Amino acid sequence: LLRGNMEKIITPSRMKRKPRNCPEHGDYESCSMDPKFWTPCPVCQDRQEAERIQAKMAQNRIESFQSMLRFAGLGKRFLDKSFANYLPRSANQRQILAVVPDYAANFPANLDAGRCLGLIGDAGNGKTHLGVAILREVITAGYKGRYVRAYDLFKAIKESWNSIGAKRGESEAAADFTKPDLLVLDEVGVQFNTDTERTLLFQVIDTRYNDSLPPLVISTLPKPASVNQPDLPGIDWEPPLNPKTLEDAWGFAL
């Protein structure tokens, strides 16, 4: 009995063949080892396989690009933000959308000049969306970019000061923000505004300034000129605990 079963196992099945017709590519020979399944048109099959491979490659490119954006500091909410899906709700926003993409399109020249950009205005106007869209274009063009909120920048550098268990030194931590071709610095002004924070912010911005690497600053704080607080000669400048202008948050020298 065992021998008979083994013979059945090792006996090859007979391949059946018959002519079939593909409406698109004409006659072909179809094969079958199972009456319920006959091989399809080989040309159609090759095309479907090529389309499957192309779709897989496209998906891999999307996932790879998203990984690059995550590495650049973007969270899940902003991975898909672009100029194409920014929806202006006012004439002001439409005007900004008509201008801001030029900064990304001319980034090589802006990088050579160390030319920065500020997106300043009330909350809810899509400043972060536009900043991320610029960053997206810059990274797509092959440049290195980084997005960070001001308080996360402070946290990252301060964590390097802990000598027990610190993974990186201060210089290495700061390099995440001083070395990329473009730094998108968001939420400037949402901070404790201590001397330490202003010093750290000054060091990052000044290092980038010396290397002609532009920052893109996003804030709800107005510029000093738009607030009636003129600088008085001979008066020592002291920042308030609750910053009301960018000068308050960045420091007098910036």
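Anything mentioned here points back to the structure above.
Here goes a summary of the coordinates provided.

What counts and how
Each residue is numbered by its place in its chain's sequence as written, counting from 1. For this predicted model, a pLDDT threshold of at least 70 governs which residues receive local features, and a threshold of 80 or more governs which side-chain atom pairs are given and counted, while totals over whole chains, interfaces and linings are taken from all residues. Excluding hydrogens and water, the side-chain values take into account all heavy atoms of the structure. Labels follow the DSSP assignment, with helices taken as runs of H or I lasting at least four residues and strands as runs of E lasting at least two, numbered in each case from the N terminus. An expected span of 1.5 Å times one less than the residue number is assigned to each helix. Here the aromatic set is Phe, Tyr and Trp, taking the six-membered ring for Trp, and pairing holds for ring centres within 6.5 Å; pairs whose planes are under 30 degrees apart are stacked, those over 60 apart are edge-to-face, and all others are tilted. Think of it in three bands: residues with accessible area under 20% of the maximum for their type are buried, residues over 50% are exposed, and the middle band is partly exposed, with areas taken using a 1.4 Å probe on protein chains only. We call a charge positioned over a ring when the NZ of a Lys or the CZ of an Arg lies within 6 Å of the ring centre and within 35 degrees of the ring normal. Salt bridges, as used here, are contacts in which a Lys or Arg side-chain nitrogen is within 4 Å of a carboxyl oxygen on Asp or Glu. Counting of polar contacts relies on pairs of N or O atoms within 3.5 Å, with two restrictions inside protein: one atom must be capable of donating a hydrogen and the other of accepting it, and residues adjacent in sequence are counted only when both atoms are side-chain atoms. Only heavy atoms matter for contacts: two residues are in contact if any of them lie within 4.5 Å across the pair. What makes two strands pair is DSSP finding at least two bridges between them. Every axis in this analysis is a line fitted to C-alpha atoms, fitted for helices over the stretch in contact. Angles between the N-to-C directions lie between 0 and 180 degrees. We call two directions roughly parallel when the angle between them is under 35 degrees, roughly antiparallel when it is over 145, roughly perpendicular when it lies between 65 and 115, and oblique otherwise. Whether a crossing is left-handed or right-handed is set by the direction in which the near helix is turned from the far one by less than a right angle, anticlockwise for left-handed and clockwise for right-handed. We call Asp, Glu, Lys and Arg charged. Ala, Val, Leu, Ile, Met, Phe, Trp, Tyr, Cys and Pro are nonpolar, and the rest, Gly among them, are polar.

### Comments concerning helix H8 (residues 195-210)
Piece 1. Between its first and last C-alpha atoms H8 spans 22 Å; for 16 residues at 1.5 Å apiece the expected length is 22 Å, and the two agree.
Piece 2. Immediately beyond the C-terminal end of H8, within one or two residues, lies Ser212, with a positive phi of roughly 55°.

### Focus: the packing of aromatic side chains
Piece 1. Applying the stated rule across the entire model yields two aromatic pairs.
Piece 2. Between the aromatic rings of Tyr103 and Phe107, the centroid separation amounts to 6.3 Å while the plane-to-plane angle is 65°, which identifies the pairing as edge-to-face. Like Phe107, Tyr103 is buried.
Piece 3. On the numbers, 5.1 Å between centres and 75° between planes, the contact of Phe107 with Tyr143 is edge-to-face. Within this pair, whereas Phe107 is found in helix H4 (residues 107-113), its partner Tyr143 is found in the loop between helix H5 (127-140) and strand S4 (145-149), the two being separated by 36 residues in sequence.
Piece 4. Among the residues examined, Phe107 registers a relative accessible area of 1% and is labelled buried.
Piece 5. Members of the aromatic cluster, joined through ring pairs, are Tyr103, Phe107 and Tyr143.
Piece 6. If you follow Lys18 out to its NZ or CZ, it ends over the ring of Trp38, 4.4 Å from the centre.

### Here's the deal with unusual backbone geometry
Piece 1. Of note in this structure, Glu187 is not a glycine but carries a positive phi near 60°.
Piece 2. Here Glu187 shows up in the loop between strand S5 (182-186) and H8.
Piece 3. For Glu187, a relative accessible area of 29% translates into the label partly exposed.
Piece 4. Of note, the phi angle at Ser212 is positive, near 55°, even though the residue is not glycine.
Piece 5. Taking the relative accessible area as the measure of exposure, Ser212 reaches 33% and is therefore partly exposed.

### A word on the pattern of salt bridges
Piece 1. Applying the stated criterion across every chain, the model contains six salt bridges.
Piece 2. Ionic pairing is found between Arg52 and Glu49, a salt bridge with its closest N-O pair at 2.7 Å. Here Glu49 and Arg52 lie together in helix H2 (residues 42-71), a separation of three residues that amounts to about one turn.
Piece 3. The partner of Glu197 in a salt bridge is Lys158, with the nearest N and O atoms 3.9 Å apart. Pair noted here: Glu197 is in helix H8 and Lys158 is in helix H6 (residues 150-159), with a separation of 39 residues, a long-range link.

### Examining the side chain of Arg208
Piece 1. Counting through the fold element by element, Arg208 comes out in helix H8.
Piece 2. Within the local environment of Arg208, its side chain forms a polar contact with the backbone oxygen of Pro180, the two atoms lying 2.9 Å apart.
Piece 3. Side-chain polar atoms of Arg208 contact the backbone oxygen of Asp181, separated by 3.3 Å.
Piece 4. When residues no more than four places from it in sequence are discounted, the contact partners of Arg208 are Phe177, Thr178, Lys179, Pro180, Asp181, Leu182, Leu183, Leu213, Pro214 and Pro215.

### Some points on the pairing of strand S1 (residues 16-22)
Where a strand is regular, its side chains alternate between the two sheet faces.
Piece 1. Across seven bridges, the pairing between S1 and strand S2 (residues 26-32) is antiparallel. Bridging from a neighbouring strand, Pro19 pairs with Glu29 of S2.
Piece 2. Connecting the antiparallel pair S1 and S2 is a turn made up of three residues.

### Observations regarding H5
Piece 1. The end-to-end C-alpha distance of H5, which contains 14 residues, comes to 20 Å, matching closely the 20 Å that a straight helix rising 1.5 Å per residue would cover.
Piece 2. Among the 14 residues of H5, 11 are classified as buried, and the element is accordingly described as predominantly covered.
Piece 3. Listed as buried for H5 are Lys127, Thr128, His129, Leu130, Gly131, Val132, Ala133, Ile134, Leu135, Val138 and Ile139.

### Comments concerning the sheet that holds S5
By definition, the strands of a sheet pair up through backbone hydrogen bonds, in either a parallel or an antiparallel sense.
Piece 1. Reading across the sheet, the four strands line up as S3-S6-S5-S4 and stay open at both edges, with parallel pairing between neighbours. On the outer flanks of this sheet lie strand S3 (117-120) and S4, each paired with one strand and no other. Between one strand axis and the next, the sheet turns by 10° as a mean value, whatever way the strands run.
Piece 2. Relative to S5, S4 runs parallel, the two sharing five bridges. Pairing of Arg146 across the sheet is with Leu183, part of S5.

### Overview of the packing of H6 against helix H7 (residues 170-178)
Piece 1. Contact pair H6 / H7: the axes reach a minimum separation of 8 Å and the direction vectors enclose 155°. Our classification of the angle between H6 and H7 gives roughly antiparallel. Relative to H7, H6 is oriented so that their crossing is right-handed. Residues Leu153, Ala156 and Ile157 of H6 form the contact with H7, whose own contacting residues are Glu170, Ala173, Ala174 and Phe177.
Piece 2. Here the contact of H6 with H7 is built from residues that sort into six nonpolar, no polar and one charged.

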